[in-house]
Amino acid sequence: MVITERRVDAVKQPEGKRYYPLMLDMKGKNCVIVGGGTVAQRKAEALLEAGAEVTLISPSFTAQLEQRALSGEMPPRLIRERYRPGMPELGEAFLVFAATDVTEINSAVRLEAESLGKLVTVANDAAGSGFIVPAVVRRGKLVIAVSTEGASPGTARKVKRELEQMFGDEYETYLELLQQLRVLVQSIVGDTAERQAIFRAILDLELLAWIRSGRFDEQAGRELALRIAADPTEAGIRQLDEWIRRLD
Ligand SMILES: C[C@@]1(CC(=O)O)c2cc3[nH]c(cc4nc(cc5[nH]c(cc(n2)[C@H]1CCC(=O)O)[C@@](C)(CC(=O)O)[C@@H]5CCC(=O)O)C(CC(=O)O)=C4CCC(=O)O)c(CCC(=O)O)c3CC(=O)O
Ligand SMILES: NC(=O)C1=CN([C@@H]2O[C@H](COP(=O)(O)OP(=O)(O)OC[C@H]3O[C@@H](n4cnc5c(N)ncnc54)[C@H](O)[C@@H]3O)[C@@H](O)[C@H]2O)C=CC1
């Protein structure tokens, strides 16, 4: 019992880091992942989805990565070698992922990448990483990223699943509509304060419920835009809920 207690007491709290979340434009950006296992695969898939060019360095790869390299647009490049210092791919990378199951290799990748001025993440060492990857829910243009700052990745995944239940597919249509209305209002209302008041009024409209009801379509969106263009004032927009309700 005493031994157990000592063991628990000896576990050091990792020093607190405060991360800065951001959204990176990865289109066409070179990313190097060292490793070819399930973690490398998960990171590669997310990067490819964001339009990055992905190179993986590993003596072996998961069946899914092998498959992905043969098919589809923008296949990942697989380099079938063990990592060794001085590989040119690292120097050309925008981001580097050290994702092998060998701590010494991951550390060597980190040191080299850092010496080249690269941002690097280490799959088994949050403290030694320049960035970490959150769990992500996407609904069209709505992106919800969840992080526990490395405290419990499993919890990040769990919270993501909860958010998936809370935020349904209606957000895809909703954000497309809001984007259109925003561009429209920006093109017809010159005064910043008035524009902001209009945007707030639009957010207060019961558009989500309308979309969820299944009665909203392209024609309805057009009609809404026309009504806003006809009376682009806060008061005018606040009256639109009545019109929406009457459509029911
Ligand atoms: C620090 C970080 C670095 C990074 O990879 O960026 C990191 C580190 C580690 N993860 C480990 C384990 C697991 N990781 C997951 C899952 C995910 N891990 C992700 C991110 C991160 N993981 C970063 C912090 C994120 C944050 O906290 O905010 C997610 C969110 C994003 C993604 O990878 O895309 C993705 C969910 C994606 C989704 O579902 O959408 C699961 C769950 C599962 O697989 O079912 C497990 C097993 C359960 C568990 O251990 O909790 C271990 C090994 C521990 C060990 O063995 O001892 C380490 C190493 C360590 O802790 O040092
Ligand atoms: N960050 C995260 O999200 C998670 C991290 N982990 C940690 O990440 C590590 C990797 O996990 P998995 O992908 O599940 O392991 P895995 O065993 O599936 O894959 C390890 C990969 O590393 C490659 N590799 C080994 N030596 C190499 C070398 N010298 N050069 C290049 N590649 C080499 C292997 O070929 C293999 O493809 C584990 O050590 C684990 O602690 C585990 C789960 C989640």
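Please read all numbers here as calculations on a predicted model, not as lab measurements.

J.: Mind laying out the site of ligand 2, listing which residues take part and the relevant values?
T.: If you check the shell around ligand 2, you find 21 residues, and the closest are Thr38, Val39, Arg42, Ser58 and Tyr83. Measuring from an oxygen atom of ligand 2, one finds a side-chain N or O atom of threonine 38 at 2.8 Å. For ligand 2, whose accessible area on its own is 860 Å², the fraction buried by protein is 70%. With respect to the pocket detection grid, ligand 2 is positioned in the second largest pocket. With four residues, the single largest contributor to the shell around ligand 2 is helix α2 (residues 38-49).

J.: Hey, could you go over unusual backbone geometry for me, with residue numbers and the actual values?
T.: Of note in this structure, methionine 74 is not a glycine but carries a positive phi near 45 degrees. Methionine 74 gets classed as partly exposed once you look at its relative accessible area, which sits at 40%. Phi at glutamate 149 is positive, roughly 55 degrees, even though this residue is not glycine. Among the structural elements, glutamate 149 can be located in the loop between β7 (142-146) and α6 (153-166).

J.: Any details on the packing of aromatic side chains? Residues and values, ideally.
T.: Counted according to the given criterion, the structure contains five aromatic pairs. Between the aromatic rings of phenylalanine 97 and phenylalanine 131, the centroid separation amounts to 5.4 Å while the plane-to-plane angle is 85 degrees, which identifies the pairing as edge-to-face. Here phenylalanine 97 is found in strand β4 (residues 95-98), whereas its partner phenylalanine 131 is found in the loop between β5 (119-122) and β6 (135-139), with 34 residues between them in sequence. The class for phenylalanine 97 is buried, based on a relative accessible area of 4%. Classification of phenylalanine 131 as buried rests on a relative accessible area of 15%. With a centroid separation of 6.0 Å and 85 degrees between ring planes, the pair formed by tyrosine 171 and tyrosine 174 is classed as edge-to-face. Here tyrosine 171 and its partner tyrosine 174 are both found in helix α7 (residues 170-188), three residues apart, which amounts to about one turn of the helix.

Procedures and definitions
- Residues numbered from 1 in each chain as written.
- Chains lettered and ligands numbered in written order.
- Predicted model: local features only at pLDDT ≥ 70, side-chain atom pairs only at ≥ 80, totals over all residues.
- Heavy atoms only, no water.
- Near = heavy atom within 4 Å.
- Polar contact = N/O pair within 3.5 Å; in protein donor to acceptor, adjacent residues only side chain to side chain.
- Areas by Shrake-Rupley, 256 points an atom, 1.4 Å probe, with all protein chains shown as cover.
- 1 Å grid on protein atoms, 1.4 Å probe; cavity = no way out; pocket = protein on both sides within 12 Å on 5 of 7 lines; lining within 4 Å.
- Sits in = over half its atoms within 2 Å of the grid points.
- Helix = DSSP H or I, 4+ residues; strand = E, 2+ residues; numbered from the N terminus.
- Buried < 20%, exposed > 50% of the residue type's maximum accessible area, 1.4 Å probe, protein only.
- Phe/Tyr/Trp six-rings, centres within 6.5 Å; stacked < 30°, edge-to-face > 60°.

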